[in-house]
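Each chain is listed here by its residues.
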Number of protein chains: 2
Amino acid sequence: MQRELALQVFEALSSGVRLDVFRLLVRAGKEGRVAGEISDALDIPPTNLSFHLKGLTHCGLLSVEQEGRYLRYRANIPLMLDTIAYLTENCCADSPDECAELRRGASSAAPFLPPLDPAAQKCRIS
Amino acid sequence: MQRELALQVFEALSSGVRLDVFRLLVRAGKEGRVAGEISDALDIPPTNLSFHLKGLTHCGLLSVEQEGRYLRYRANIPLMLDTIAYLTENCCADSPDECAELRRGASSAAPFLPPLDPAAQKCRIS
DNA sequence: ACAATGCTTCAAGATTTGTTGAAGTGTTGA
DNA sequence: TCAACACTTCAACAAATCTTGAAGCATTGT
């Protein structure tokens, strides 16, 4: 993960419309949703939705597949997770103690954290 | 985590300057950095840096502490992790099978994923 | 072939965000 | 007390982003 991609991902999620679209598609899973369904569900005019879908798709956060005259969109969750990994590289000045403390502070994020590994070379909130 | 906060977090990280600042402070750990140090390290004029620090601090991604005439900034990593949790709530249409598949796709993010729990009520990339 | 449909691209104007120099606030040390 | 310092706020302009209606491009069904 390089800086430019991470930046594009955060830019893509920095609008209310795009955040809602992405979350809708995360919930939809691999079934995804056709553009018209998203437009209806979120009450966004097709022209405007298309503009935002373009941004999400361009950075890879969404994939598109043509189905006849429909376009089906799906969320790319692994990219999202990789972006977080980029953000937390070399965290805590490489001090396991600090990371352990941090872990205790991450309440609702707890299920996302890996088991603590005292022998870890690099410290990634873990 | 409510929508507005998640939105502010993504907005805060959607600028190159702010992304660099946050990453610098993630690496710095709880020692943090004083504004002047950030300005020097990233070569950003103080006026401009101040503008961006404000955005990061306003949503809670950074904390500030006064030290004499200096202001020390620190990254709030748990907030970042909570934001991801918000993003992936009720993912995969609540299908454990889909989530297991997803997990295999998250390469570099792997260390961030919790152990698979087939009995989980809710499906969060896990 | 043709009209209807689903969605996108284009062009424009409106809104938001970013950047900079000048001025302001509070702290430190002589 | 006063000058130097660290940093912020302010004001003005520059630049990027958002939104919308009109027009375009495939695909579908008759």
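Residues numbered from 1 in each chain as written. Chains lettered and ligands numbered in written order. Predicted model: local features only at pLDDT ≥ 70, side-chain atom pairs only at ≥ 80, totals over all residues. Heavy atoms only, no water.

**Q** Explain the sheet that holds strand β2 (residues 62-67) of chain A to me, and be specific about the residues and the numbers.
**A** Residues and elements named next belong to chain A. One open sheet holds the 3 strands; their spatial order is β1-β3-β2, and the pairing between them is antiparallel. The open sheet has two free edges, formed respectively by β1 (33-34) and β2, since each of these has just one partner strand. Pairing geometry for β1 and strand β3 (residues 70-75), over 2 bridges, is antiparallel. Note on β3: the bridge partner recorded for Arg33 is Tyr73. Set on the sheet, helix α4 (residues 46-58) makes contact with β2 and β3; between it and β2 the angle comes to about 115°. (Pairing = 2+ DSSP bridges. Helix = DSSP H or I, 4+ residues; strand = E, 2+ residues; numbered from the N terminus. Contact = heavy atoms within 4.5 Å. Axes fitted to C-alpha atoms, helices over the stretch in contact; angles between N-to-C directions.)

**Q** Which residues make up the nonpolar core, and what are the values?
**A** In terms of nonpolar packing, the biggest core is built from 61 residues, with Leu13, Leu61 and Met80 of chain A together with Leu13, Leu61 and Met80 of chain B touching the most fellow members. Beyond its immediate sequence surroundings of up to four residues, Leu13 of chain B is in contact with Leu7, Phe10 and Leu87 of chain A together with Leu19, Phe22, Leu56, Leu61 and Met80 of chain B. (Core = buried A, V, L, I, M, F, W, Y, C linked by side-chain atoms within 4.5 Å. Buried < 20%, exposed > 50% of the residue type's maximum accessible area, 1.4 Å probe, protein only.)

**Q** Report on the sheet that holds strand β3 (residues 70-75) of chain B, specifying residues and quantitative values.
**A** Residues and elements named next belong to chain B. Ordered in space as β1-β3-β2, the 3 strands form an open sheet in which the pairing is antiparallel. Of all the strands in the sheet, the pair left with one neighbour each is β1 (33-34) and β2 (62-67). Seen against the sheet, helix α4 (residues 46-58) touches β2 and β3 and runs at an angle of roughly 115° to β2.

**Q** Can you lay out the environment of Gly16 of chain B for me, pointing to particular residues and giving the numbers?
**A** Here Gly16 of chain B lies in helix α2 (residues 16-28). Setting aside chain neighbours within four positions, we find Gly16 of chain B in contact with Arg3 and Leu7 of chain A.

**Q** Break down the side chain of Ser14 of chain B for me, citing the residues and quoting the values.
**A** Mapped onto the secondary structure, Ser14 of chain B falls in the loop between α1 (3-12) and α2. We classify Ser14 of chain B as buried; its relative accessible area is 15%. Here the side chain of Ser14 of chain B touches Glu11 of chain B through a polar contact of 2.7 Å, landing on its backbone oxygen. Not counting residues within four places of it along the chain, the set of residues in contact with Ser14 of chain B comprises Leu7, Phe10, Glu11 and Ser14 of chain A. (Polar contact = N/O pair within 3.5 Å; in protein donor to acceptor, adjacent residues only side chain to side chain.)

**Q** Provide a residue-level description of the protein's contact with DNA strand C, including the pertinent values.
**A** Taken together, the neighbourhood of DNA strand C is formed by 21 residues, with Val34, Ser50 and Tyr73 of chain A together with Thr47 and His52 of chain B sitting nearest. Counting only atoms of DNA strand C within 4 Å of the protein, the sugar-phosphate share comes to 64%. Ala35 of chain A has a polar backbone atom sitting 3.2 Å from a phosphate oxygen of DNA strand C. In this structure, Arg18 of chain B approaches DNA strand C through a side-chain N or O atom, which is 3.1 Å from a phosphate oxygen. Mapped onto the surface near DNA strand C, the elements with two or more residues apiece are α3 (35-42), α4 and β3 of chain A together with α4 of chain B. (Near = heavy atom within 4 Å.)

**Q** Which residues make up the packing of helix α2 (residues 16-28) of chain A against α3 of chain A, and what values do they have?
**A** All names here are of chain A. Packing of α2 against α3 brings their axes to within 11 Å, and their N-to-C directions diverge by 115°. Our pair here, α2 against α3, has a crossing hand that is right-handed. Contacts between α2 and α3 involve Asp20, Val21, Leu24 and Leu25 on the former and, on the latter, Ile38, Ala41 and Leu42. (Left-handed = near helix turned anticlockwise from the far one by under 90°.)

**Q** Describe the protein's contact with DNA strand D, and please don't skip the residues or the numbers.
**A** Not every one of the 21 residues close to DNA strand D is listed here, only the nearest: Thr47 and His52 of chain A together with Val34, Ser50 and Tyr73 of chain B. A share of 70% of the atoms of DNA strand D within 4 Å of the protein falls on sugar and phosphate groups. At 3.5 Å, a side-chain N or O of Asn48 of chain A approaches a phosphate oxygen of DNA strand D. Residue His52 of chain A places a side-chain N or O atom 2.7 Å away from a phosphate oxygen belonging to DNA strand D. Every element with two or more residues in the surface near DNA strand D is listed here: α4 of chain A together with α3 (35-42), α4 and β3 of chain B. For the surface near DNA strand D, the class distribution of residues is 8 nonpolar, 9 polar and 4 charged. (Nonpolar A, V, L, I, M, F, W, Y, C, P; charged D, E, K, R; others polar.)

**Q** An account of the packing of aromatic side chains is requested, with residue identities and associated values reported.
**A** Counting across every chain of the model gives 1 aromatic pair over all chains. Of note, Arg23 of chain A hangs over the ring of Tyr86 of chain B, and the distance from its end group to the ring centre comes to 3.9 Å. (Phe/Tyr/Trp six-rings, centres within 6.5 Å; stacked < 30°, edge-to-face > 60°. Lys NZ or Arg CZ within 6 Å of the ring centre and 35° of its normal.)

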